[in-house]
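Structure at a glance
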Number of protein chains: 2
Amino acid sequence: MGIVIVMPGRDEDAARLRVALQRLDSDLEVWIQPDIPDPGRVVSAVTWKHSPGELGRFPNLRAAISYGAGVEHLLDDPSIPAGVTIARTVDEGLIRDMVEFVVGRVIEHRRGFRGVAADQRTSSWVPRRYPPHWDVLILGAGRLGGAAAEALHHLGHRVTVWSRSGRAPVHVSSIVGREALLEALPGADAVVCLLPLTGATRDLIDASFLARMKPGSLLLNVGRGAHLVESDLLPALDSGRPAVAVLDVFTTEPLPPDHPFWGHPRVVVSPHVASLTDPEGVAGAILANHRRAVAGEPLCDAVDVDRGY
Amino acid sequence: MGIVIVMPGRDEDAARLRVALQRLDSDLEVWIQPDIPDPGRVVSAVTWKHSPGELGRFPNLRAAISYGAGVEHLLDDPSIPAGVTIARTVDEGLIRDMVEFVVGRVIEHRRGFRGVAADQRTSSWVPRRYPPHWDVLILGAGRLGGAAAEALHHLGHRVTVWSRSGRAPVHVSSIVGREALLEALPGADAVVCLLPLTGATRDLIDASFLARMKPGSLLLNVGRGAHLVESDLLPALDSGRPAVAVLDVFTTEPLPPDHPFWGHPRVVVSPHVASLTDPEGVAGAILANHRRAVAGEPLCDAVDVDRGY
């Protein structure tokens, strides 16, 4: 009755996670794919970007737990039996790192750190004023979106979140629906995508979305690459809506060396580092979910398969 | 019974402040130096970097109010009569801007935004891990230092403040005295100077201070240029303690075009923009202090002349 770790290409994280899990429970059986002496003993699988079908060899699997917040790799695997519960892992460290990245990138652009660096290269002392606050639109009101909204509100910004549920932290406005989104876009100095990737959110940020953005604004995508229609972005940047795109996620990762984003002066390419799952940080949450699976209890952060998150 | 504005070289700010004050009180008399029909009617002077002696022509002056948080220009003017109360202006906007700048610069360096930009120039996808939090040492526990400490704490960092008073926000450690400071320096990933400039804090950040800093750490000076012995910084950077200095203030401003800081790869020259006083933002606080002066009441944010802040 143990846990299998299925994270192709992430051997170091897998090894660290096994050590961290067994430090919490020395009797726990933890295997790393493909070294599994008895597949029948596997109750929980911790996965990141596994190949579809890889979980089919475990007849007693009850829980398929994503190593991170995203669960597309699990939802896209039709071979996972219907009785297996899919769950995400969103620990406090992951939220903290994401909030820090969003806050840091928003401030960097709002306060013109790149312009100051350019001035320094020509020894130019040019103090520039900035508006007293920004209007920030956050797409997604989950644990990440909500925490980012709260942090930006505390720093003095006017924050609106767009979501399906309509929930939002205190002091933060909430909007729902496509029409409200299109109405909010022209007023937003920054748009931050923290949505889950589902059929309803894929390709959301397309030419018509970008054309509604405020001239001079910032687009920050820390959701998934497929939220953005990448080929629509370059013409949008040429028109100044948005003025700058900070992208931490891409439809193909690593971003291919010949991709036009690399050399674009108003695209910031960030190598999917907004929030890195820390094996020691998530071990406790994963162990707790495994124990729930063993006991036949509902999992924490379980995914609604129909809704897609 | 009115207010004189004495801000040489800041004509636009002076004009906007007069408009903002008279919008709050249409009967208020506000003059801009040197156009003062009757110097005897001046009760309050709002000043920024005036020349010593300039306030001597107002026989009924009661309040000398700094346009910003710093008051050195007032304390350094021996011609201000002893009966005149010196006050600073620290409005919420000024605090908010300063906190945002400090948070933004700390995150920029902690999360390696400059390294990511360098990787982008060579189309290199290099995800780098970062420590789960930083230990940040803030010099100064006043309204600015306290607010910056609180914001960094909420973002998940371990914050210590060094001050004369020993006060600190909840959850933030407090240290007092030279010895405790020297003991704290080797553990700090970032040191942020938000001190007032006094005889006790001038030249604080000298070769012996810098030599105690952690290898690879960040020095952020948003206090006053004279807190740092500027000639000691370049050899310290060569030794890696600190690794980077972000300087928003300098002993001579604007920083002279031939100054070695401009071209140094590990000095960020920021043109004194961490926090810009907004005339409309501070008008209410200045008017309230003027009314207190007229009524003979104690001023808000009054300065203890002996202590120097």
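Residues numbered from 1 in each chain as written. Chains lettered and ligands numbered in written order. Predicted model: local features only at pLDDT ≥ 70, side-chain atom pairs only at ≥ 80, totals over all residues. Heavy atoms only, no water.

**Things to note about the overall build of chain A**
Cut-off, in case you're wondering: Helix numbering and strand numbering both begin at the N terminus, where a helix is a DSSP run of H or I of at least 4 residues and a strand a DSSP run of E of at least 2. Contacts are residue-level and defined by heavy atoms, with any inter-residue pair within 4.5 Å sufficient. In short, Shrake-Rupley with a 1.4 Å probe defines the accessible areas, and a residue's cover is counted only from the protein chains shown.
Helices and strands together make up the secondary structure of chain A, namely 10 helices and 12 strands. Each principal axis of the C-alpha distribution contributes one length, and for chain A these read about 65 × 40 × 35 Å. Taking the contacts inside chain A whose residues are at least 6 apart along the sequence as the reference set, 61% of them involve residues at least 24 apart. Just so you have it, chain A exposes about 12,700 Å², and 52% of that area is on carbon and sulfur atoms.

**Structural notes on the interface of chain A and chain B**
To keep it simple, the criterion reads: Buried area counts how much accessible surface, traced with a 1.4 Å probe, disappears from two parts once they are put together, with both parts' losses summed. The working definition used for a salt bridge is a side-chain nitrogen of Lys or Arg within 4 Å of a carboxyl oxygen of Asp or Glu.
Facing 53 residues of chain A, the contacting portion of chain B comprises 53 residues. Across the chain A/chain B interface, buried area totals approximately 4,200 Å², and carbon plus sulfur atoms make up 59% of it. For chain A, the biggest contributors to the area lost against chain B are Glu-100, Gln-120 and Trp-125 of chain A; these three give 20% of the whole. In this assembly, chain A and chain B are joined by 6 salt bridges.

**Points about the sheet that holds strand E1 (residues 2-6) of chain A**
Residue and element names in this part refer to chain A. This is how the line gets drawn: Strand pairing follows a simple DSSP-based rule, namely that at least 2 bridges must link the two strands. Between the N-to-C directions of two axes lies an angle of 0 to 180 degrees, each axis being a line fitted to C-alpha atoms and, for a helix, fitted only over the stretch in contact.
Spatially, the 5 strands line up as an open sheet ordered E2-E1-E3-E4-E5, and their pairing is parallel. At either end of the open sheet lies a strand with only one pairing partner, and these are strand E2 (30-32) and strand E5 (85-87). Neighbour-to-neighbour, the strand axes of this sheet turn through a mean angle of 20 degrees, independent of strand direction. Strands in contact with helix H10 (residues 279-295) are E1, strand E3 (42-47), strand E4 (63-66) and E5; relative to E3, the strand with the most contacts, it is inclined by about 150 degrees.

**Some thoughts on the pairing of strand E9 (residues 190-193) of chain A**
All names here are of chain A. Our working definition: Summary of the burial criterion: residues with accessible area below 20% of their type's maximum are buried, those above 50% are exposed, and those between are partly exposed, where the area comes from a 1.4 Å probe applied to protein chains only.
Along E9, one buried face is formed by Ala-190 and Val-192 and the opposite face, lined by Val-191 and Cys-193, is buried too. Inspection of the sheet shows strand E6 (residues 135-139) paired to E9 by 4 bridges, in the parallel sense. Bridge pairing in E9 places Val-136 opposite Ala-190. Looking at chain direction, E9 and strand E10 (residues 218-221) are connected through 4 bridges and run parallel. Bridge assignment links Val-192 to a residue of E10, and that residue is Leu-220.

**Let's talk about the relation of the copies chain A and chain B**
One copy of the chain maps onto the second through a rotation about an axis and a displacement along it. Selection rule: Copy-to-copy superposition: least squares on the C-alpha atoms, limited to residues that have pLDDT of at least 70 in both copies.
The transformation that overlays chain A on chain B combines an axial shift of 0.0 Å with a rotation of 180 degrees, and the residual RMSD is 0.0 Å. Here the transformation between the copies is reduced to the relation of a two-fold axis. When each C-alpha of chain A is compared by its distance to the rotation axis, Gly-104 of chain A comes out closest, at 2.5 Å. Most of the interface of chain A is mirrored in chain B, where 100% of its interface residues again form contacts.

**Overview of the packing of aromatic side chains**
Any pair of aromatic rings gets described here by the distance separating the centres and the angle formed by the planes. For clarity, the cut-off: Here a Phe, Tyr or Trp ring, Trp counted by its six-membered ring, pairs with any other such ring whose centre lies within 6.5 Å, and the pair is stacked when the planes are under 30 degrees apart, edge-to-face when over 60, and tilted otherwise.
All chains considered together, the criterion is met by 6 aromatic pairs over all chains. Judged by centre distance (5.8 Å) and plane angle (80 degrees), the rings of Phe-113 of chain A and Phe-101 of chain B are edge-to-face. Within this pair, whereas Phe-113 of chain A is found in helix H4 (residues 113-121), its partner Phe-101 of chain B is found in helix H3 (residues 92-110), the two belonging to separate chains. Residue class for Phe-113 of chain A comes out buried when judged on its relative accessible area of 1%.

**Brief notes about the side chain of Asp-248 of chain B**
Residue and element names in this part refer to chain B. The test is simple: We count Lys and Arg on the positive side and Asp and Glu on the negative side, and we leave His and both chain ends out. Two N or O atoms count as a polar contact when they lie within 3.5 Å, although within protein this holds only if one can serve as hydrogen donor and the other as acceptor, and sequence-adjacent residues are included solely when both atoms are side-chain atoms.
Mapped onto the fold, Asp-248 is located in the loop between strand E11 (244-247) and helix H9 (260-263). Despite its burial, Asp-248 pairs with no opposite charge, the nearest such side chain being Arg-105 at 6.9 Å. Side-chain polar atoms of Asp-248 contact the side chain of Ser-270, separated by 2.6 Å. At 2.8 Å, the side chain of Asp-248 and the backbone nitrogen of Val-273 are in polar contact. Residues within four places of Asp-248 in sequence aside, it is in contact with Phe-101, Asn-221, Val-222, Glu-253, Ser-270, Pro-271, His-272, Val-273 and Ala-274.

**Points about helix H5 (residues 143-154) of chain B**
Residues and elements named next belong to chain B. Inclusion rule: Working rule for helices: expected span equals 1.5 Å times residues minus one.
Here H5 is 12 residues long and its end C-alpha atoms lie 17 Å apart, about the 16 Å a rise of 1.5 Å per residue gives. Within the span of H5, buried status applies to Leu-144, Gly-145, Gly-146, Ala-148, Ala-149, Ala-151 and Leu-152. Downstream of H5 by a residue or two, Gly-156 has a phi angle that is positive, lying close to 105 degrees.

**Quick look at the environment of Gly-68 of chain A**
Residue and element names in this part refer to chain A. Within the secondary structure layout, Gly-68 lies in the loop between E4 and helix H2 (72-75). Residue Gly-68 is classed as buried on the basis of its relative accessible area, which comes to 3%. Considered as a pair, Gly-68 and Thr-89 are 21 residues apart in the sequence and their alpha carbons are 5.0 Å apart. Setting aside its immediate chain neighbours within four residues, Gly-68 contacts Trp-48, Arg-88, Thr-89 and Thr-277.

**So, the sheet that holds strand E11 (residues 244-247) of chain A**
All names here are of chain A. Spatially, the 7 strands line up as an open sheet ordered E8-E7-E6-E9-E10-E11-E12, and their pairing is parallel. Each end of this open sheet is capped by a strand with a single partner; those strands are strand E8 (173-175) and strand E12 (267-269). The mean inter-strand angle of the sheet, taken between neighbouring strand axes irrespective of direction, is 15 degrees. Where strand E7 (residues 158-162) and E8 come together, 3 bridges link them in parallel fashion. Across the sheet, the residue bridging to Trp-162 is Ile-175, located in E8. Lying on the sheet, helix H3 (residues 92-110) is in contact with E9, E10, E11 and E12; it crosses E10 at an angle near 160 degrees. Sheet strands touched by helix H5 (residues 143-154): E6 and E7. Its angle to E6, the strand with the most contacts, is close to 170 degrees.

**Re the pairing of strand E6 (residues 135-139) of chain B**
Residue and element names in this part refer to chain B. The following threshold applies: Orient the strands so they point away from the viewer, and a crossover whose first-strand-to-second-strand path over the helix runs clockwise is right-handed.
The buried fraction of E6 amounts to 4 of the 5 residues, a majority that puts the element mostly inside the structure. Direction of pairing for E6 relative to strand E7 (residues 158-162): parallel, over a ladder of 5 bridges. The residue bridging Val-136 from the neighbouring strand is Val-159, located in E7. Read as a crossover between parallel neighbours, the route from E6 over H5 to E7 is right-handed.

**Topic: the packing of helix H1 (residues 11-24) of chain A against H10 of chain A**
Residue and element names in this part refer to chain A. To keep it simple, the criterion reads: When describing relative orientation, an angle under 35 degrees is termed roughly parallel and one over 145 degrees roughly antiparallel, while 65 to 115 degrees is termed roughly perpendicular and anything else oblique. Two helices crossing with the near one rotated counterclockwise from the far one by less than a right angle form a left-handed crossing, whereas a clockwise rotation gives a right-handed crossing. Basically, the charged four are Asp, Glu, Lys and Arg, the nonpolar ten are Ala, Val, Leu, Ile, Met, Phe, Trp, Tyr, Cys and Pro, and anything else, Gly included, counts as polar.
The contact between H1 and H10 brings their axes to 9 Å, and the two run at 55 degrees. In terms of orientation, H1 lies oblique with respect to H10. Crossing of H1 against H10: the hand is right-handed. When H1 is examined against H10, the residues Asp-13, Arg-16, Leu-17, Ala-20, Leu-21 and Leu-24 are found in contact with a partner set consisting of Pro-279, Glu-280, Val-282, Ala-283, Gly-284, Ile-286 and Leu-287. Split by residue class, the contact of H1 with H10 holds 9 nonpolar, 1 polar and 3 charged.

**Topic: the pattern of salt bridges**
For the structure shown, the criterion picks out 32 salt bridges over all chains. The partner of Arg-111 of chain B in a salt bridge is Glu-100 of chain A, and the shortest N-O contact between them spans 3.0 Å. Note that Arg-111 of chain B is positioned in the loop between H3 and helix H4 (113-121) and Glu-100 of chain A in helix H3, a pairing that runs across two chains. Via salt bridges that share partners, Glu-12, Arg-16, Asp-278 and Glu-280 of chain A belong to a single interconnected network.

**Brief notes about unusual backbone geometry**
Backbone torsion omega between Gln-33 of chain A and Pro-34 of chain A reads 10 degrees, so that peptide bond is classified as cis. Topologically, Pro-34 of chain A is positioned in the loop between E2 and E3. Cis rather than trans, the peptide bond between Glu-253 of chain A and Pro-254 of chain A has omega equal to -10 degrees. Relative to the helices and strands, Pro-254 of chain A resides in the loop between E11 and helix H9 (260-263). Of note, the phi angle at Asp-301 of chain B is positive, near 50 degrees, even though the residue is not glycine. With respect to the helices, strands and loops of the structure, Asp-301 of chain B is situated in the segment after helix H10 (279-295). The exposure class assigned to Asp-301 of chain B is partly exposed, which follows from its relative accessible area of 29%.

Worth remembering: the numbers are spatial, not functional.
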